Amino acid sequence: MMKRISFLFYFLLIFNSLFAQTFTASTDFSSVPINQSFDVVYELKGANSTRFVRPDFEPFRVIGQQSYTGGGMTVIINNKVINDGSNSQKWIFTLLPTKVGSFTIPPAKVLVDNKWIESNSVTIKVTQAGSPSNNKSQASKPNNQLNKSENIPQVDDDEIFLKAEVNKSNVYLGEPVILNYYIYTRVDVRQYGINKTPSFKGFWSENLLDNNTNAKTTEKTINGKRYVVAHIRSIALYPQETGTLKVDPLEVEAIIVRPVAHRDPFDVFDDFFNDPFNFDPFSMLSPSLITQPEKITLKSNPIQIHVKPLPDGAPASFSNAVGNFTVSASLENDRCFLGENIVYNLLISGKGNLPLINPPQLQLPDNFQVFDPEIEDAFTKSNSGISGTRTFKYIINPLKAGSYTIPPIEFSFFSVTDGKYITVKTPEFNIQVFDPGNANKNSQVAITNLKDDIQYITPIKCLSIFDKLIFNKFFAISLFIIPLILIILVSIFYRKRLKILADFTLQKQKKADREARKRLKYAYKFMKENNSKQFFEQLLSALWQFISDKYVIPLSKLNIDSAKEIMKEHNVDESIIDELLSFIKECQMYAYAPTNSSVDLNYFYKRAFEFIRKKI
Amino acid sequence: MKKIILTILLIFICGVISSFANKETKALLLKADSAYKAQDFKTAYQLWESLINKGYITDDLYYNMGNASYRMGDISTAIWFYKKAILLSKYNNNAKDNLNLLVNKGYAQLLPQPMGFTAFANNILTAIPYNILFWVTWSVFVLLSLFIFLFTFRKNSNRGHLFWLIVFSAIFFIYFFSSFIYQNIKINNSKNAIIATQSTNLRSSPDSLSIAIAIINEGTEVKCIESIGNWQKILTPNQKTGWIPNNDLLMLKFHLPQSQ
């Protein structure tokens, strides 16, 4: 990966600037030792200049010059001009005093809207310098050294150097350290590339800056020298070991373009033709400057970090989390059928060593199968470290239907700001697992189902004979047929008896006529003998017998009254009844009276015979 | 009249006395219960089986035998017993629960329940369990015959109440008797059967050389449509028909689980 930053000198041509224009010259020092270079900055605010006329810097020697437009500088990145900050232009001259004394630099001139604007003049006091500064100024003439040196040219520390910085050097185990690398430069860097990345032994590292974006640049003044600072790398380091850990230096290879102060400032044409940037106005204005690309290797300063172990008394649920976190848990579904899964999401959000957090253990009842959680990360990297969320996705596979509770998960972390362990608990969750077969039945299970088994047997006290009999076909049929036959038999028997009874009366009635005639015959016999008493007795018995037989009434119960009643019942004519009964009374009178021969027996016989023949 | 009532009473009294006096069956039942309790399922099964062989047929006996079969690991026989117990009395909830459990566990697969009017008629006709229904039907039958007998020998003036009694008892008798016949057919001539062998091939024609069109698992309830020789044409729960040898089936129409 090569990174490209070009610092190009150029002017923007913008007319009709309405802002108030100020053009100032300044320097950070009022007095400098001899052979110590310093910067003079000409700054034009609120306007854009088309031309700059530099003053005569005599007796200073110009060893470097830079020009910026915008808030410090204009950068061309991917063929786009990026201007930032206020609308200002700067011309910076690096001067080297050659004489001791107090000197005044005359004002410079800029052309704004076809008007010349002059800056103020600057007075510098040059004091006697020490010997080391003299050496340095010798080294700042790299033309000679470049020819003598090997592949890696030695560059002045002042002009360009790589600096490593950490935000903390005394940290807890697992507490992130932000390591930043900056290129400080006073020269143009055409391009640079990281040659050797340190191995970060004992650390878990995470690059915070995206390699694809361009380095952020700022301006910084160190010891009166202006530097352009490019923030090239930012790495979050998570210590994994305790003790004093060393970070090896980073090596960066860069191609720089260094303005070189020529030994012979009057050799104008030579410089002119050597200059690759023909459009550069400086080369016109200052023909004594030339630029030359150079390949150099920069090495950062080594860094030491002291890692303290975490304090004792870590909770059992501590899983290497250091930082400040919040924990939340949720279920994607709280009910499912057997064969489906329940997804449990544990979301840890906050700032700290998020990528190093181990999944907390999910304690579940026996009837579950839990797979190792899937980890989903959403990190945002910033200059202060990694923040964001890490989600542990537990997939729970129930093995049995029922209602269960997922116990809370404990998550512990070490809070650096508080300096103690903090334990967070997630809420409990209730889940329901249904049997797909009888989903409706189990929709409200109040009891946790462990294992299904059959019901116990029904104790049978005794067996009734009826249970036995009804499955006996013969018995069952006979049970229906027997009553039927019984009823039929009974009804037949009843009917016959009725019939017999009916026959009996008929015969008796038939017999009555015959019996009566028989008795009348006896009476007739007594009539011939003229035995009146016997005659009447026979006559009466014949009549009574006849009534008794005819109306089916026993002789013993028969008298005048009962005879009358029963004859009435049989719908006999009233007059006939009266006639018969009076006749019977007459007969009775003669039968029990003393013998009387004068009675006409024949008459009585004929009347009785008539009654019987008529059948009354 | 008195004689009839007396004979009926006598039969009842004899029955009650004989049922309570049956000490032998009581002892057998106790023995079977304790054997089951002592995990000796085989003995319990045999004791209950001997009672059924004697002709004592109740849903509880079948249910208990089903439990014993389940404990012995004979799932298809257990399903047969539960099915039979439910057939005898649909109010045997234990048997229903156990059968449900077997279905849920995947051991049993039953034929789909009838729907619509068939289900309605089935519910009405099986509302009274068979062993009670028999006696109810019989008593209504006896009453009805008595009423008819009295009706024919009564004079016209006393017939009014009797007529309505006869009408009502006749309606009841028709319901009970049809229910009785329906249940009798279901119990003694059921066409359903349980597959008894582990997995059987359902064949397209009644010979062992024909194409196997499906595999039926043990414990599946099937309906027998017709039989030729040693083969039964059956209908499976998923409405597939095919032929299966008799030996693989436990017919529900028998008093004990057996094939044709």
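Residues numbered from 1 in each chain as written. Chains lettered and ligands numbered in written order. Predicted model: local features only at pLDDT ≥ 70, side-chain atom pairs only at ≥ 80, totals over all residues. Heavy atoms only, no water.

The helix and strand inventory of chain A stands at ten helices and 35 strands. Residues classed as buried in chain A amount to 44% of the 616 residues present. Long-range contacts, defined as pairs at least 24 residues apart, comprise 74% of the intrachain contacts of chain A with a sequence gap of at least 6. (Helix = DSSP H or I, 4+ residues; strand = E, 2+ residues; numbered from the N terminus. Buried < 20%, exposed > 50% of the residue type's maximum accessible area, 1.4 Å probe, protein only. Contact = heavy atoms within 4.5 Å.)

The interface of chain A with chain B comprises 33 residues on the first partner and 49 residues on the second. A buried area of about 4,200 Å², summed over both sides, lies between chain A and chain B, and 71% of it is on carbon and sulfur atoms. The largest per-residue losses of area from chain A upon contact with chain B belong to L463(A), F471(A) and F480(A), which jointly make up 19% of the total buried on that side. At the junction of chain A with chain B, the criterion picks out zero salt bridges. Here chain A is connected to chain B by six residue pairs in polar contact (both at pLDDT 80 or more). Elements supplying a minimum of two residues to the side of chain A that touches chain B: helix 5 (465-469) and helix 6 (473-529) of chain A. Looking at the side of chain A that touches chain B element by element, the count peaks at eleven residues for helix 6 of chain A. Of the residues belonging to the side of chain A that touches chain B, the class tally is 20 nonpolar, five polar and eight charged. (Buried area = accessible area lost by both parts, 1.4 Å probe. Salt bridge = Lys/Arg side-chain N within 4 Å of Asp/Glu carboxyl O. Polar contact = N/O pair within 3.5 Å; in protein donor to acceptor, adjacent residues only side chain to side chain. Nonpolar A, V, L, I, M, F, W, Y, C, P; charged D, E, K, R; others polar.)

A grouping of F163(B), W164(B), F168(B), I171(B) and F172(B) is seen on the molecular surface, where their side chains present a nonpolar patch of about 580 Å² in accessible area. Tracing the backbone through its elements, the reader meets F168(B) in helix 9 (residues 160-188). (Patch = residues over 30% accessible without salt bridge, like charges linked within 9 Å, V, L, I, M, F, W, Y side chains within 5 Å. Areas by Shrake-Rupley, 256 points an atom, 1.4 Å probe, with all protein chains shown as cover.)

A few words on the sheet that holds strand 14 (residues 122-127) of chain A. Residue and element names in this part refer to chain A. Read from one edge to the other, the open sheet built from three strands follows the order 4-14-11, with strand pairing classed as mixed. Looking at which strands have only one partner, the edges of the open sheet turn out to be strand 4 (31-33) and strand 11 (101-105). When the angles between neighbouring strand axes are averaged without regard to direction, this sheet yields 30°. Pairing geometry for strand 11 and strand 14, over five bridges, is antiparallel. Within strand 14, the position partnered with T104 by the bridge is T123. (Pairing = 2+ DSSP bridges. Axes fitted to C-alpha atoms, helices over the stretch in contact; angles between N-to-C directions.)

Here we take up the pattern of salt bridges. Residue and element names in this part refer to chain A. Taken as a whole and assessed by the stated rule, the structure comprises nine salt bridges over all chains. E175 is the salt-bridge partner of K168, the closest N and O atoms lying 2.8 Å from each other. Residue E579 is joined to R607 by a salt bridge in which the shortest nitrogen-to-oxygen separation is 3.5 Å. Of the two residues, E579 sits in helix 9 (residues 574-592) while R607 sits in helix 10 (residues 601-614), which places them 28 residues apart along the sequence. Overlapping salt bridges, with partners in common, bring together E332, E376 and K393 in one network.

Turning next to the side chain of T391(A). Mapped onto the fold, T391(A) is located in strand 31 (residues 385-398). Once residues lying within four places of it in the same chain are set aside, the contact partners of T391(A) are N345(A), L346(A), L347(A), E374(A), I375(A) and E376(A).

Moving on to the confidence of the model for chain A. Residue and element names in this part refer to chain A. Mean pLDDT for chain A: 72, with 78% of residues reaching 70 or above. Throughout residues 70-85 the model reports pLDDT below 50, and contacts reaching past four residues in sequence, or to other chains, amount to 35 contacts. Low confidence marks residues 441-445, where pLDDT is under 50. Its contacts with residues over four positions away, or in another chain, come to seven contacts. (pLDDT = per-residue confidence, 0-100.)

The subject of this paragraph is the nonpolar core. One finds W48(B), L61(B) and Y82(B) to be the most contacted residues of the largest nonpolar core, which totals 66 residues. It is helix 8 (residues 130-153) of chain B that provides the largest number of residues to this core, a total of ten residues. Shared between two domains, this core takes at least three residues from each, and those domains are domain 1 (21-99) and domain 2 (132-188) of chain B. Not counting the four nearest positions on each side in its chain, Y82(B) is found in contact with I454(A), Y63(B), G66(B), N67(B), Y70(B), A95(B), N98(B), L99(B) and L102(B). (Core = buried A, V, L, I, M, F, W, Y, C linked by side-chain atoms within 4.5 Å. Domains from an automatic or database assignment.)

Okay, the packing of aromatic side chains next. The geometry of an aromatic ring pair is captured by the separation of the ring centres together with the interplanar angle, meaning the angle of the planes. The final tally for this structure, using the stated rule, is 41 aromatic pairs over all chains. Where F535(A) meets F536(A), the ring centres are 5.3 Å apart and the plane angle is 70°; that geometry is what we call edge-to-face. Judged on exposure class, the residue F535(A) and its partner F536(A) are both buried. Among the aromatic side chains, those forming a connected cluster through ring pairs are F471(A), F475(A), F480(A), Y130(B), F134(B), W135(B), W138(B), F141(B), F173(B), F177(B) and F180(B). Sitting over the ring of W116(A), K109(A) keeps its end group 5.8 Å from the ring centre. (Phe/Tyr/Trp six-rings, centres within 6.5 Å; stacked < 30°, edge-to-face > 60°. Lys NZ or Arg CZ within 6 Å of the ring centre and 35° of its normal.)

Below, the discussion takes up the environment of I234(B). All names here are of chain B. Mapped onto the elements, I234 comes out in strand 5 (residues 231-235). For I234, a relative accessible area of 0% puts it in the buried group. Between the C-alpha atoms of I234 and K191, which are 43 residues apart in sequence, the distance is 9.5 Å. Leaving out residues up to four positions away in the same chain, I234 has contacts with L202, I216, V222, K223, C224, I225, K240, T241, G242, I244 and L249.

What follows deals with the packing of helix 2 (residues 23-37) of chain B against helix 3 (residues 41-54) of chain B. Residue and element names in this part refer to chain B. Where helix 2 meets helix 3, the axes come as close as 7 Å, and the angle between the chain directions of the two elements is 155°. Put simply, helix 2 runs roughly antiparallel to helix 3. For the pair helix 2 and helix 3, the sense of crossing is left-handed. Contacts from E24, T25, L28, L29, K31, A32, D33, A35 and Y36 of helix 2 reach helix 3 at F41, T43, A44, L47, W48, S50, L51 and K54. Here the residues of the contact of helix 2 with helix 3 are counted per class, giving ten nonpolar, three polar and four charged. (Parallel < 35°, antiparallel > 145°, perpendicular 65-115°, else oblique. Left-handed = near helix turned anticlockwise from the far one by under 90°.)

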